[in-house]
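Observations on chain architecture
The lines below spell out each chain.
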Amino acid sequence: MPGCYQDIYDHSITERDAFWAEAANALVWDKKWDQVIDLSTQPSAQWFGGGMVNTCFNALDRHVDAGRGDQNALIYDSPVTDTVAHYTYRELRDEVAHLAGAMQQRGVGKGDLVIIYMPMIPQAAMAMLACARIGAIHSVVFGGFAAHELATRINDAKPKLMLSASCGIEGSRVIAYKPLLDRAIDQATHKPDAVFVWQRPQAKADLTPGRDFDWHDICAKASPADCVSVAATDPLYVLYTSGTTGQPKGVVRDNGGHMVALNWSMKNIYGVSAGDVFWAASDVGWVVGHSYIVYGPLLAGCTTVLYEGKPVGTPDAGAYWRVISQHGVKALFTAPTAFRAIKRDDPNAELLKDYDLSCFEALYLAGERSDPDTLQWAERHLGVPVIDHWWQTETGWPMCANPRGIELLPIKYGSPTVAVCGWEVHAVDESGHELPRGKIGALVAKLPLPPGTLPTLWHNDARFVSSYLAEYPGYYATGDAGFIDEDGYIYVMSRTDDIINVAGHRLSTGAMEEVLSGHQDVAECAVIGVHDDLKGQVPLGFMVLKAGVNRPDSEIIAEVIAMVRDQIGPVAAFKQATIVERLPKTRSGKILRRTMRSIADGETYKTPATIDDPGILPEITDALRDIGYARDVAG
Ligand code: COA
Ligand code: AMP
């Protein structure tokens with residue numbers, strides 16, 4: 001239906017229930033829903049209540065039953081181990097069914113929680129699908145998080161079982177996972193009953209007798225498990241994401257609404273259908289990996305690519321072109337930072353000449369703001385639409401995109417285009433009033449949210465309400481600021497909280513501040529995100545030392561850098577800090593982080609009227625200049 005985005009969008013709003021019921025009919029339900037949406041439930045409306053489903057059935061068995069059993073479901077491409085492996089829908093279903101059977105044998109069933117801490121290998125996707133198969137709830141923890149972060153999630157999620165691998169491979173480095181896992185379980189107050197470990201040849205793990213099981217052996221002995229029917233409103237997974245404190249938020253996703261929304265998005269946003277090859281170059285530890293490496297493409301009957309490598313260095317900046325041409329990828333989804341890395345290493349895209357990309361139709365970017373320069377570079381060299389789209393862990397799928405599968409709208413650089421069907425996005429002022437077009441405010445989405453988003457936070461309705469619903473009654477607060485132009489194009493400019501985006505990874509500066517404050521010599525501190533040409537933003541720490549501390553600054557800085565790496569993980573990329581006499585604050589004692597960031601990035605800034613002592617700002621500017629920032633600040 002080309003050329004009719006506005007009609008379809010209007011239909012999704014005015015005939016909401018009919019719109020989503022039609023989308024839901026594309027999937028197999030064990031029992032049909034009683035109500036498309038129930039607006040009376042708390043803390044949020046529920047989708048497809050009364051319906052019974054199985055997400056794994058819809059992602060795997062359904063396609064085998066429909067005659068797609070011999071089609072590739074998943075291609076594992078791992079330049080770091082020199083491996084390419086193909087799994088057909090039948091093979092993937094059988095592997096998943098055996099793993100699910102092994103989990104059942106260890107007493108895992110409907111409603112039990114399973115933590116998955118794994119590198120980018122097919123077993124990670126199998127683990128997620130195996131949980132879905134038996135109605136268990138998975139919670140994947142990204143491998144770049146350290147033991148302490150994993151322990152925090154173990155305590156909150158209380159898993160019955162954990163699934164892991166002996167190691168991950170980061171470029172040329174082998175990272176043993178098992179010691180991190182053991183440390184996390186030691187630190188956590190909750191203990192899982194069992195751990196399955198996938199042994200990789202690059203580093204074998206020692207197994208703890210009685211608790212740990214060799215994944216391969218236990219699956220070989222298990223009988224395959226059938227799909228267990230669950231309520232559409234039952235949780236499929238919990239995914240922890242950074243909030244403003246060190247305690248991450250456990251975003252819950254249901255089964256029914258999630259599969260309906262993702263299946264709809266594959267065709268209408270990404271323009272792919274059953275049989276097409278789709279590649280999301282992300283990690284299963286992030287929401288992009290959940291939605292668009294695993295569930296979305298498989299629900300839609302596509303072939304998904306699971307890539308264990310980097311955009312550069314594995315082996316070079318032509319890696320993405322090689323994967324696209326070798327596997328016939330039709331659409332690629334990645335973060336702008338990956339393209340900045342490719343552009344940096346191969347500015348004229350010389351390596352592109354070695355590959356035939358005639359299969360390739362579109363590039364999708366998300367996870368951080370797309371800088372027009374990088375987007376245009378990709379457009380110029382690839383000759384296909386480059387589509388910036390906006391969403392977040394909480395929403396599970398895009399709020400704002402160029403709906404290429406319905407109609408490719410004109411691209412405006414700097415804007416992820418328009419609201420996706422089902423989403424009513426507004427820019428509002430502090431009292432929640434809609435702002436005139438072009439004026440920056442908080443970006444909010446009108447309630448009820450469409451299916452596939454978060455019904456609540458794991459065991460924490462109160463935090464769900466206070467984080468997302470309380471500030472603007474009747475709306476979901478995205479935490480992003482931006483504006484909407486005369487044509488309805490949405491522009492996402494910055495976060496309104498202390499979250500930063502480092503190489504497309506969402507991190508909490510508050511969590512880093514908690515680590516810095518834990519250092520014996522630190523009296524107070526602040527962490528801000530400063531501009532970085534490659535990663536978009538990187539964290540930078542400021543510390544005021546306790547009176548009487550008389551040690552070299554460099555020693556203390558090295559210690560806090562090591563502490564952040566150890567407690568949060570290498571993914572935080574916390575590599576810079578500076579020591580100052582005092583921090584700029586308002587008269588009520590709030591640290592002026594935004595002003596500090598503006599100074600660091602060389603932006604013009606206004607001295608806040610509420611500042612306690614304006615004389616501090618030149619001191620901060622000098623400290624920043626000493627470490628290579630604030631060069632453009634007059635002064
Ligand atoms: N397990 C263990 N360590 C990990 C890890 C994992 N799964 N993922 C990352 N790390 C480590 C890296 O080795 C690196 O460690 P180092 O400080 O010792 O070098 C650190 O965490 C930071 O990793 P990363 O953010 O990947 O930075 P990088 O410098 O290695 O690579 C890019 C930079 C731009 C190439 C890389 O970030 C990238 O490919 N980004 C793609 C975007 C993406 O996947 N976004 C996800 C959301 S869509
Ligand atoms: P995450 O939950 O990790 O997916 O991060 C979500 C956050 O990343 C959003 O709230 C935004 O701040 C940012 N983000 C994601 N996509 C975009 C985009 N296309 N443009 C601007 N910011 C984005």
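Fair warning: this is a prediction, and the values are worked out from it, not measured in the lab.

With that out of the way, let us pick up the packing of aromatic side chains. Enumeration according to the criterion identifies 35 aromatic pairs in this entry. Arranged with centres 5.8 Å apart and planes meeting at 65 degrees, the rings of Trp20 and Trp264 form a pair that is edge-to-face. In this pair, Trp20 sits in helix H2 (residues 16-24) while Trp264 sits in helix H9 (residues 256-268), placing the two residues 244 residues apart along the sequence. Taken individually, Trp20 and Trp264 each receive the classification buried, so the pair is uniform in this respect. Through a chain of ring-to-ring contacts, three or more aromatic side chains come together here, namely Phe19, Trp20, Trp29, Trp33, Trp47, Phe48, Trp264, Trp397 and Trp423. Note that Arg153 overlies the ring of Phe145, its terminal NZ or CZ placed 4.6 Å from the centroid. One Lys or Arg, Lys412, reaches over the ring of Tyr489 and ends 4.6 Å from the middle of that ring.

Here four strands make up an open sheet; going across it, the order is E23-E24-E25-E26 and the pairing antiparallel. Unpaired on one side and paired on the other, strand E23 (425-428) and strand E26 (490-495) mark the two borders of the sheet. Neighbour-to-neighbour, the strand axes of the sheet open up by a mean angle of 50 degrees, direction not taken into account. In this sheet, strand E25 (residues 475-484) lies alongside strand E24 (residues 441-446) in antiparallel orientation, the contact comprising five bridges. Counterpart to Val444 in the pairing with E25 is Ala477.

Below, the discussion takes up the packing of H2 against H9. H9 packs onto H2 with a crossing angle of 85 degrees between their chain directions and a minimal axis gap of 9 Å. Overall, the two elements H2 and H9 adopt an arrangement that is roughly perpendicular. Between H2, through Phe19, Trp20, Ala23 and Ala24, and H9, the contact on the second element is made entirely by Val260, Ala261 and Trp264. Taken together, the residues of the contact of H2 with H9 sort by class into seven nonpolar, no polar and no charged.

Moving on, we come to the UniProt feature "domain: AMP-binding enzyme C-terminal" (unreviewed entry) in the chain. The UniProt record marks residues 512-590 with the feature "domain: AMP-binding enzyme C-terminal" (unreviewed entry), using the residue numbering of this structure. For residues 512-590, the helix share is 27%, the strand share is 30%, and the end-to-end C-alpha distance is 17 Å.

Here the focus is the site of ligand 1. Around ligand 1 lies a shell of 24 residues, among which Glu170, Arg173, Lys310, Arg565 and Lys575 are the nearest. Note that an oxygen atom of ligand 1 is positioned 2.7 Å from one of the side-chain N or O atoms of Arg173. The separation between an oxygen atom of ligand 1 and a polar side-chain atom of Lys535 is 3.1 Å. Burial of ligand 1 by the protein chains amounts to 84% of its free accessible area of 940 Å². Elements with a contribution of two residues or more to the shell around ligand 1: strand E10 (173-176) and helix H12 (336-345). Residue composition of the shell around ligand 1, grouped by class: twelve nonpolar, six polar and six charged. When residues of the shell around ligand 1 are assigned to domains, at least three fall in each of domain 1 (4-309 + 389-482) and domain 2 (507-626).

Before going further, it helps to spend a moment on the site of ligand 2. The environment of ligand 2 is formed by 15 residues, the closest being His389, Thr393, Asp480, Arg495 and Arg506. His389 is positioned such that a nitrogen or oxygen atom in its backbone is 2.7 Å from a nitrogen atom of ligand 2. Taking Arg506, its side chain carries an N or O atom lying 2.7 Å from an oxygen atom of ligand 2. Within the complex, 93% of the 490 Å² of free accessible area of ligand 2 lies under protein.

Sequence positions flagged by UniProt for "domain: AMP-dependent synthetase/ligase" (unreviewed entry) are, in local numbering, residues 66-446. Between the C-alpha atoms that bound residues 66-446 there is a distance of 38 Å. The span itself is 31% helix and 25% strand.

Using the criterion set out here, one finds four cavities of 30 Å³ or more in the structure. Approximately 110 Å³ is the volume attributed to the largest cavity. Considering the residues around the largest cavity, the lining is formed by 14 residues, among which Glu149, Arg153, Ser242, Ser508 and Ala511 are closest to the centre. Elements supplying a minimum of two residues to the lining of the largest cavity: helix H6 (147-157), strand E28 (505-508) and helix H15 (509-517). Here the residues of the lining of the largest cavity sort into six nonpolar, six polar and two charged.

We now examine the domain arrangement of the chain. In terms of domains, the chain is made up of domain 1 (4-309 + 389-482) and domain 2 (507-626). Of note, the centres of domain 1 and domain 2, computed from C-alpha atoms alone, are 34 Å apart. Our count for the domain 1 to domain 2 interface comes out at one salt bridge. The salt bridge involving Asp566 is made with Arg183; its shortest N-O contact spans 3.2 Å. Counting across the domain 1 and domain 2 interface gives three residue pairs in polar contact (both at pLDDT 80 or more). Of the residues assigned to the side of domain 1 that touches domain 2, the class counts are five nonpolar, seven polar and three charged.

The next thing to look at is the side chain of Thr456. With respect to the element layout, Thr456 can be found in the loop between E24 and helix H14 (461-469). Side-chain polar atoms of Thr456 contact the side chain of Asp461, separated by 2.6 Å.

This part is about the sheet that holds strand E19 (residues 362-365). Taken in spatial order, the seven strands line up as E5-E4-E17-E16-E18-E19-E20 in an open sheet, and their pairing is mixed. Of all the strands in the sheet, just strand E5 (83-88) and strand E20 (386-388) have a single pairing partner and so form its edges. Adjacent strand axes in the sheet meet at a mean angle of 20 degrees, parallel and antiparallel pairs treated alike. In terms of strand pairing, strand E16 (residues 277-280) meets strand E18 (residues 329-334) through four bridges, oriented parallel. Following the sheet pairing, Ala280 is matched in E18 by Phe333.

Criteria and thresholds
Residues numbered from 1 in each chain as written. Chains lettered and ligands numbered in written order. Predicted model: local features only at pLDDT ≥ 70, side-chain atom pairs only at ≥ 80, totals over all residues. Heavy atoms only, no water. Phe/Tyr/Trp six-rings, centres within 6.5 Å; stacked < 30°, edge-to-face > 60°. Helix = DSSP H or I, 4+ residues; strand = E, 2+ residues; numbered from the N terminus. Buried < 20%, exposed > 50% of the residue type's maximum accessible area, 1.4 Å probe, protein only. Lys NZ or Arg CZ within 6 Å of the ring centre and 35° of its normal. Pairing = 2+ DSSP bridges. Axes fitted to C-alpha atoms, helices over the stretch in contact; angles between N-to-C directions. Parallel < 35°, antiparallel > 145°, perpendicular 65-115°, else oblique. Contact = heavy atoms within 4.5 Å. Nonpolar A, V, L, I, M, F, W, Y, C, P; charged D, E, K, R; others polar. UniProt positions renumbered as here; feature names shortened; annotations may be inferred. Near = heavy atom within 4 Å. Polar contact = N/O pair within 3.5 Å; in protein donor to acceptor, adjacent residues only side chain to side chain. Areas by Shrake-Rupley, 256 points an atom, 1.4 Å probe, with all protein chains shown as cover. Domains from an automatic or database assignment. 1 Å grid on protein atoms, 1.4 Å probe; cavity = no way out; pocket = protein on both sides within 12 Å on 5 of 7 lines; lining within 4 Å. Points joined across faces, edges and corners; volume = space filled by probe spheres on them. Salt bridge = Lys/Arg side-chain N within 4 Å of Asp/Glu carboxyl O.

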